[in-house]
Amino acid sequence: MKSPELEHVYEVDVEVSQLNENGHLKPHAYQFLIADIAGRHLNRFKINADDTIKYGLSWALISQHVEIVRPVNGCETLYVQTWHTAIKGPYFRRDLIFRDKNGDVVFMGVTFSILLDVNKRSVARPKVLDTLPLSLPDPNPEYLFEAKPTRKIQMEFESYETRNVRNSYLDILGHVNNCRYSEFAYDALTPDEVLRLGQLKHMEIYFESELRPRDSFTIGKAYEGNSIFFSGHNNDKNDTSFDVIMTFEGDEE
């Protein structure tokens, strides 16, 4: 049976602010577009943050993956479908496919999320939904590409810069919003690397530990083949807050 989620197609316009001076979509713009669609879709099924927060729960991203088929062509309109793919352990997987006006795929996304108990700051098990007047449609196991919720990265990172958490980074949960992490990585690209964004083929973002007000963090950078690795080290907690991997055309995972 066709998932009821697939009945809905969303339009989203790429905005000028999401493109850089070379006309390439900025890395964090992929996150904004995915978040926009996921939020609108969950609102339709009445299980977005405004609905879950009434029960002390909030969606928290664990990782996000983007597979790029072709570069975005300026301020074009994209047409998007999304569906809940699977639940494995505490992780909810969601797939999204972005097409152009001709129906051709531009890029695809996968997100892995958990339900967060906002009072205990701990992971709530998926079965908690069975006890509440909230529900997701049944999973539609159509995987757009292979992705995992977590990844252990062991690289020798060279420190690029140290930053402090600013007020503008924070969201409603009082921590740095997930879209900021790939923005930090983008800021660490060299001018030549920025020029290569039109060749970006794959991006992975892993959210490992919260960055909170007044935290200090150091961006580390490493290279392997045509992939650039970025790591955000929380200097106050002495742990890794996030990892970002950008893989460019010609590279194999």
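## Considerations on the environment of Thr52
Line of reasoning, step 1. Turning to its location among the elements, Thr52 is positioned in helix α2 (residues 49-52).
Line of reasoning, step 2. Given a relative accessible area of 0%, Thr52 falls into the buried group.
Line of reasoning, step 3. Taking the C-alpha atoms as reference, Thr52 lies 7.8 Å from Leu134; in sequence the two are 82 residues apart.
Line of reasoning, step 4. Filtering out sequence-adjacent residues up to four positions away, Thr52 remains in contact with Ile47, Leu57, Ser58, Trp59 and Leu134.
Line of reasoning, step 5. From its side chain, Thr52 meets the backbone oxygen of Ala49 in a polar contact 3.3 Å long.

## Description of helix α1 (residues 27-44)
Line of reasoning, step 1. In this model, α1 (18 residues) spans 27 Å end to end at C-alpha, consistent with the 26 Å of a helix rising 1.5 Å per residue.
Line of reasoning, step 2. For α1, the set of buried residues is Pro27, His28, Ala29, Tyr30, Gln31, Leu33, Ile34, Ile37, Ala38, Gly39, His41 and Leu42.
Line of reasoning, step 3. Immediately downstream of α1, the backbone of Lys46 shows phi near 55 degrees, a positive value.

## A few points about the packing of α1 against helix α3 (residues 179-187)
Relative orientation and spacing of two packed helices are given, respectively, by the angle between their axes and the distance between those axes.
Line of reasoning, step 1. Between α1 and α3, the shortest axis-to-axis distance is 7 Å and the interhelical angle comes to 165 degrees. When the axes of α1 and α3 are compared, the pair comes out roughly antiparallel. Between α1 and α3 the crossing geometry is left-handed. Between α1 and α3, the contacting residues are Pro27, His28, Gln31 and Phe32 on the first element and Cys179, Ser182, Glu183 and Tyr186 on the second.
Line of reasoning, step 2. Grouping the constituent residues of the contact of α1 with α3 by class yields four nonpolar, three polar and one charged.

## Points about unusual backbone geometry
Line of reasoning, step 1. A positive phi is found at Lys46, a non-glycine position, where the angle reads about 55 degrees.
Line of reasoning, step 2. Here Lys46 is to be found in the loop between α1 and α2.
Line of reasoning, step 3. Although it is not a glycine, Asn238 sits at a positive phi angle of roughly 55 degrees.
Line of reasoning, step 4. If you trace the backbone, Asn238 turns up in the loop between β10 (227-234) and β11 (239-248).

## Observations regarding the packing of aromatic side chains
Line of reasoning, step 1. Per the counting criterion, the structure on display carries nine aromatic pairs.
Line of reasoning, step 2. When the ring of Phe98 is compared with that of Phe107, the centres are 4.1 Å apart and the planes differ by 15 degrees; the resulting orientation is stacked. Taken as a pair, Phe98 and Phe107 share a single burial class, namely buried.
Line of reasoning, step 3. Ring centres of Phe184 and Phe217 lie 5.0 Å apart, and the angle between their planes is 40 degrees; on these two criteria the pair is classed as tilted. Here Phe184 is found in helix α3, whereas its partner Phe217 is found in strand β9 (residues 216-224), with 33 residues between them in sequence. Phe217 matches Phe184 in its accessibility class, with the two residues each being buried.
Line of reasoning, step 4. In textbook terms, an aromatic cluster arises when at least three aromatic residues are bridged by ring pairs, as seen for Tyr169, Tyr181, Phe184, Phe207, Phe217 and Phe242.
Line of reasoning, step 5. Sitting above the plane of the Phe248 ring, Arg196 keeps its charged end 4.5 Å from the centroid.

## Points about the pairing of strand β8 (residues 200-207)
Line of reasoning, step 1. In terms of residue burial, β8 counts as a mostly covered element, since seven of its eight residues are buried.
Line of reasoning, step 2. Of the pairings in the sheet, the one linking strand β2 (residues 57-68) to β8 comprises five bridges and is antiparallel in character. Paired with Val66 across the two strands is Met203, which belongs to β8.
Line of reasoning, step 3. Both β8 and β11 contribute to a ladder of seven bridges, which runs antiparallel. Bridging from a neighbouring strand, Met203 pairs with Met246 of β11.

## Focus on the environment of Thr150
Line of reasoning, step 1. When you line up the elements, Thr150 lands in the loop between β6 (122-124) and β7 (158-164).
Line of reasoning, step 2. Given the relative accessible area of 47%, Thr150 is considered partly exposed.
Line of reasoning, step 3. Between the C-alpha atoms of Thr150 and Phe207, which are 57 residues apart in sequence, the distance is 8.7 Å.
Line of reasoning, step 4. Residues within four places of Thr150 in sequence aside, it is in contact with Ile62, Tyr91 and Tyr206.

Here is what the cut-offs are and how they apply
- Residues numbered from 1 in each chain as written.
- Predicted model: local features only at pLDDT ≥ 70, side-chain atom pairs only at ≥ 80, totals over all residues.
- Heavy atoms only, no water.
- Helix = DSSP H or I, 4+ residues; strand = E, 2+ residues; numbered from the N terminus.
- Buried < 20%, exposed > 50% of the residue type's maximum accessible area, 1.4 Å probe, protein only.
- Contact = heavy atoms within 4.5 Å.
- Polar contact = N/O pair within 3.5 Å; in protein donor to acceptor, adjacent residues only side chain to side chain.
- Expected span 1.5 Å × (residues − 1).
- Axes fitted to C-alpha atoms, helices over the stretch in contact; angles between N-to-C directions.
- Parallel < 35°, antiparallel > 145°, perpendicular 65-115°, else oblique.
- Left-handed = near helix turned anticlockwise from the far one by under 90°.
- Nonpolar A, V, L, I, M, F, W, Y, C, P; charged D, E, K, R; others polar.
- Phe/Tyr/Trp six-rings, centres within 6.5 Å; stacked < 30°, edge-to-face > 60°.
- Lys NZ or Arg CZ within 6 Å of the ring centre and 35° of its normal.
- Pairing = 2+ DSSP bridges.

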